[in-house]
Structure formats: structure tokens, C-alpha cells
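These are the residues of each chain, in order.
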Amino acid sequence: MYETVKYEVRDGIAYVTVNRPEALNALNSQVIGELRQVFENIAVNDDAKVVILTGEGRSFVAGADIAEMSKLNAVEARNFAADGHALMNYIDNIEKPVIAAVNGFALGGGCELSMACDIRIASSKAKFGQPEVGLGLIPGFGGTQRLARLVGKGMAKMLIYSADTIDAEYACEIGLVEKVVAPENLMSECEALAGRIMAKAPIAVAVSKHCINNGYDMDMKSASQFEINSFGVLFDSEDMKEGTAAFLEKRKAEFKNK
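Residue positions within a chain follow its written sequence, with the count starting from 1. This being a predicted model, a pLDDT of at least 70 is required before a residue's local features are given, and a value of 80 or more before pairs of side-chain atoms are given or counted; all residues contribute to the totals for chains, interfaces and linings. Water and hydrogen atoms play no part in the side-chain values, which are based on all heavy atoms of the structure.

Caption draft 1: Structural detail: the overall build of the protein chain. Per the secondary structure count, the protein chain includes eleven helices and ten strands. Every radius of gyration here is taken over C-alpha atoms, with the globule rule written as 2.2 Å times N^0.38, N being the number of residues. What you see for the protein chain is a C-alpha radius of gyration of 19 Å, in line with the 18 Å of a compact globule of 258 residues. Its C-alpha atoms put the protein chain at 60 × 40 × 35 Å along the principal axes. Between buried and exposed lies partly exposed: a residue is buried under 20% and exposed over 50% of the maximum accessible area for its type, with that area taken using a 1.4 Å probe on protein chains only. For the protein chain, with 258 residues in total, the buried portion stands at 42%. Whether two residues are in contact is decided by their heavy atoms, any of which lying within 4.5 Å being enough. Long-range pairs, those at least 24 residues apart, make up 69% of the contacts in the protein chain between residues at least 6 apart in sequence. Surface summary for the protein chain: the accessible area is close to 13400 Å², and the carbon and sulfur share equals 55%. A residue counts as positive if it is Lys or Arg and as negative if it is Asp or Glu; His and the chain ends are not included. Note that the charge is assigned to NZ on lysines, CZ on arginines, CG on aspartates and CD on glutamates. Of the side chains in the protein chain, 27 bear a positive and 35 a negative charge, and the two mean positions are spaced by 3 Å. The secondary structure listing takes helices from DSSP runs of H or I that are at least 4 residues long and strands from runs of E that are at least 2 residues long, numbered from the N terminus. Computed by Shrake-Rupley with a 1.4 Å probe, the accessible areas treat only the displayed protein chains as cover when residues are assessed.

Right, dumping it as C-alpha cells:
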């Protein structure tokens, strides 16, 4: 069905793999479009509880497709960036948790793609960077915004201005990555995390994501009120009733996302 993306759902996990290994999985218009279609499918697929996003071969995503970009005029480039932003925002805001399994190069658009995910687990062989200024460009898929929010303004400026590539351990040290594991353990670590998430109340996980994402840029008073309201709403859910009953009855909860 898709030419540049692999997609399957197994045991509650939606596995999404960017599949252009000959181009180090570079993001061109087709990849961006197919990823958007896949995530739109995941959003309405009740069998998909958690997403693991990775890349085929030795790269996660090595950046946007320079060969395609070099032919664009200013209007076309703006539209290309807008499509990239729309994809990243969709991934960022989809209710289901998205784990980036960063297996190799995550540069430019690839770093931006990883930052749009909720959680990043990286192979010790992974590399991160925003090299756009070396091409006379800036990050165009949200990099100037998400990177600063993850690692702070000063660190984001240093990485973007210098176009430095950093290893996974340093990425973890500065907060760009949550965990670094041996390459052979990458998928099992992501699957284990997905399993722990799926064992919890899906509606509570979705509302938690909503609160974190929406409250992050609010002032503290507004964000606190947002959390208070969301907390209250959950008391009308079947999952809350099941979770508290299971706790009191000392049994495993059986959640239904209601």
C-alpha cells in the first residue's frame, strides 16, 4: 500500500518504519505524505495502542531530501516546510503515545521527526544534529522550536548555529533523548516500554499527553486549571471506575478506554 513506509500492527503496537534505506530514509514529499496517511490510520485504528517509529537500515532519517529541495523555488519550499510541519504537529498531537526508536542517523528532518514523538529511545550508534545552516538554510520542520523546548535556548542555538552532530550519549545528557541502549536491544526496550504503557488506562494516558502538550506553553495558573478540569473529567470514565475498583480489590485492572 505504501512505497516508502512500512506499517503493521501487532499486539497493540503500531510499527512504523521509514523505508528508503538507499537514501538513508531522507524525507521527500512522498515520505511525508505517506507518514501522514499512516498516522491518520493509526488515529482511528482501535487495535493500535502505542506507536514505535523507526527507520530501515542504518539510518533513522538522515534529513530532508536535498535532491528534491534543491529544485524548489521560494513558494514551493514554503509549501514543503508547511507539509513537514503539519506531519510533525499531527504526530505530536495524536492521542496515542509515539516512541521514536532512533537506530542511526537522526539529522535535520530526522532529528525533527524524533522530536515530534513523545519519547525517544536511541541506539548507542545513533547520531543527532540540525545541519541546515551549513546549506544556507534553517531547520524547516519545527527544529528551531522543539529543540529549544527540549534542551533549552542556549543549547539549541549552539547546535543549530554550529550544525554539530552529536552522539546518543550526549543527546541523552542534554535531554534530547530519554534513554540510550545497545543497538541489539533497541526494539525490545521500546516494546517493553510500550507494554508498560498499554497496561495502563488508555484514556488517562491520552489525557496526560493532552495536558502536558497544551499546558507546557501556558502560564502556571492556566495550566493548573487545565489539569484540574482534565482530572475531574476522568471521574466520569469507566476506566477510572475500573482502575480504582481493581486497586481496592487487589486485582489486575481491565481497561476499555471509556
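Caption draft 2: Molecular detail of helix α5 (residues 143-151). All of the buried residues along α5 are G143, R146, L147, A148 and V151. On its buried face, α5 is in contact with α3 (74-93), α4 (109-116) and α6 (153-162). Downstream of α5 by a residue or two, G152 has a phi angle that is positive, lying close to 95°.

Caption draft 3: Representation of the pairing of strand β3 (residues 50-55). Burial analysis of β3 places six of its six residues in the buried class, which makes it a mostly covered element. Residues V50, I52 and T54 of β3 are buried on one face, and the alternating residues V51, L53 and G55, pointing to the opposite face, are buried as well. One ladder, built from six bridges, connects strand β2 (residues 13-18) with β3; its direction is parallel. Directly across from Y15, in β3, lies its bridge partner I52. Only strands joined by at least two bridges in the DSSP assignment are considered to pair.

Caption draft 4: Structural context of the side chain of D239. Here D239 shows up in helix α11 (residues 238-248). Nearest to the buried, unbridged D239 among oppositely charged side chains is K256, at 8.2 Å. Under the rule applied, a polar contact is a pair of N or O atoms within 3.5 Å (in protein, one hydrogen donor and one hydrogen acceptor; residues adjacent in sequence only if both atoms are side-chain atoms). In terms of polar contacts, D239 uses its side chain to reach the backbone amide nitrogen of K256, at 2.8 Å. Throughout this description, the term salt bridge denotes a Lys or Arg side-chain nitrogen within 4 Å of a carboxyl oxygen of Asp or Glu.

Caption draft 5: Quick peek at the packing of aromatic side chains. By convention, a stacked pair of Phe, Tyr or Trp rings (six-membered ring in the case of Trp) has centres within 6.5 Å and planes under 30 degrees apart, an edge-to-face pair has planes over 60 apart, and any other such pair is tilted. Applying the stated criterion to the full structure yields two aromatic pairs. In this analysis the charged atom, NZ for Lys or CZ for Arg, is taken to sit over a ring once it is within 6 Å of the ring centre and within 35 degrees of the ring normal. The aromatic ring of Y15 is capped on one face by R10, whose charged end is 4.1 Å from the ring centroid.

Caption draft 6: Molecular detail of the environment of E173. Position of E173 relative to the elements: it lies in helix α7 (residues 168-173). C-alpha of E173 to C-alpha of F247: the two residues are 74 residues apart in sequence and 36 Å apart in space.

Caption draft 7: Quick peek at the nonpolar core. In plain words, nonpolar cores are sets of buried Ala, Val, Leu, Ile, Met, Phe, Trp, Tyr and Cys residues tied together by side-chain atoms within 4.5 Å. V16, L35, F39, I42, F128 and L176 are the most contacted members of the largest nonpolar core, which has 48 residues in total. At six residues, the largest contribution of residues to this core is made by helix α1 (residues 29-44). Sequence-distant contacts of V16, that is, excluding residues within four places in its chain, are made with V5, K6, Y7, L35, V38, F39, I42, V51, I52, L53 and T54. In terms of nonpolar packing, the next biggest core, distinct from the first, is built from 13 residues, Y15, A101, C190 and I197 among them.

Caption draft 8: The arrangement of helix α10 (residues 220-233) in detail. Multiplying one less than the number of residues by 1.5 Å gives the expected span of a helix. Spanning 14 residues, α10 covers 20 Å between terminal C-alpha atoms, matching the ideal 20 Å at 1.5 Å per step. Near the N-terminus of α10, the side chain that reaches the backbone nitrogen of K221, with its oxygen 3.2 Å away, is that of D219.

Caption draft 9: Quick peek at the sheet that holds β3. Spatially, six strands are ordered β1-β2-β3-β5-β7-β10 in an open sheet, and the strand pairing comes out mixed. At either end of the open sheet lies a strand with only one pairing partner, and these are β1 (5-10) and β10 (179-181). Averaged over all neighbouring strand pairs, the angle between strand axes comes to 20°, with direction disregarded. For strand β7 (residues 119-123) and β10, the ladder comprises three bridges, and the chain directions are parallel. Residue pairing in the sheet places A122 in a bridge with V180 of β10. Inter-axis angles, ranging from 0 to 180 degrees, are taken between N-to-C directions of lines fitted to C-alpha atoms, where helices are fitted over the stretch in contact.

As far as function goes, none of this settles anything; it's purely spatial.
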